[in-house]
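# Commentary on secondary and tertiary structure
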Amino acid sequence: MKTRQVLSALEQFAPLPLQESWDNAGLQIGLTEAEVSGALLCLDVTPDIIAEAVKRDCNVVVSHHPLLFHGLKQVADADDVQRVVRMAIKNDITIISMHTNMDNARDGVNWKIAEKLGLADVAFLSEKGKVKSEGSADSGSGVIGLLRQPMEALKFIHRVKDAFGVECAHCNEVLQRPVRKVAVCGGAGDFLLDEAIAAGADAFITGEMHYHVFFGHEQQLQICVIGHYQSEQFTTEVFRDIISRECPGVRCCIAETNTNPIKYL
């Protein structure tokens, strides 16, 4: 199996036109005609991730967050990005990133979060319509769905924490009514809070939110912010499922390296 086949499978699932204008998803480093020895799946590309890829004989790294957002003016040893570039090239490792295109794709990042929460009747929170690429792909920001049974808000918060292994959640005042309709956005999602309210959500789950956005929503809906890394950690399962289905025979390894730079002390 060639690297280009893995890249094609990922881009067919989440076409690059689905990404936001500021993003840089897709092929980051490497040659697309190389034979794949294994694919290491991760959120962030760090020197430790490249070291893990070498150790596990994976010459393809598939990340959620792109390694390269801006042009490099040098490739030396000044920061982690430059070090990763040098390590990847030295070890013939191809790096592919699926970022906001995977956020905006049907059955992508936010659909996986909804699955982990056990939501039913899941739909895009903010529909973007179809984006033309090789075919037509549905796209949207965030998702909204229903718990199978209403839950007390505090019990729901504990359920979210358990599902995502969260040590500490940032919440507004505990809602004094049951939670049934839940809106979700992985990563930084406060831009969708108003849409969640307009959709009648009882709760809004996201990875990070600005301080001032918490104000004024007491007893309107339950805000639960669980951490950027924590909210998107299961994106690697989406990658694994795509590659296993479309590129049978490619060995997929979910990274053991935790790249979350935030520590809870």
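For the structure, check the block above.
Presented here is an overview of the structure given in this document. Just so it is clear, the structure is predicted and the values come from calculations on it, not from any experiment.

Moving on, we come to unusual backbone geometry. The phi angle at Asp57 is positive, at roughly 55 degrees, despite the residue not being glycine. For Asp57, the position within the fold is in the loop between helix H2 (47-55) and strand S3 (60-63).

Put simply, helix H5 (residues 109-117) and helix H9 (residues 235-246) touch, their axes get as near as 9 Å, and they point 110 degrees apart. In terms of orientation, H5 and H9 fall into the roughly perpendicular class. Every residue of H9 that contacts H5 at Val109, Lys112 and Lys116 is listed here: Thr235, Glu237, Val238 and Asp241. Residue classes in the contact of H5 with H9 are distributed as two nonpolar, one polar and four charged.

To summarise the sheet geometry, strands pair through backbone hydrogen bonds and adopt either a parallel or an antiparallel arrangement. Taken in spatial order, the five strands line up as S1-S4-S3-S2-S11 in an open sheet, and their pairing is mixed. If you trace the sheet from one side to the other, it starts and ends with strand S1 (26-29) and strand S11 (252-254), each paired once. Averaged over all neighbouring strand pairs, the angle between strand axes comes to 25 degrees, with direction disregarded. In this fold H2 packs onto strand S2 (39-42), S3, strand S4 (94-97) and S11, with an angle of close to 150 degrees to the strand it touches most, S2.

Calculation rules
- Residues numbered from 1 in each chain as written.
- Predicted model: local features only at pLDDT ≥ 70, side-chain atom pairs only at ≥ 80, totals over all residues.
- Heavy atoms only, no water.
- Helix = DSSP H or I, 4+ residues; strand = E, 2+ residues; numbered from the N terminus.
- Axes fitted to C-alpha atoms, helices over the stretch in contact; angles between N-to-C directions.
- Parallel < 35°, antiparallel > 145°, perpendicular 65-115°, else oblique.
- Contact = heavy atoms within 4.5 Å.
- Nonpolar A, V, L, I, M, F, W, Y, C, P; charged D, E, K, R; others polar.
- Pairing = 2+ DSSP bridges.

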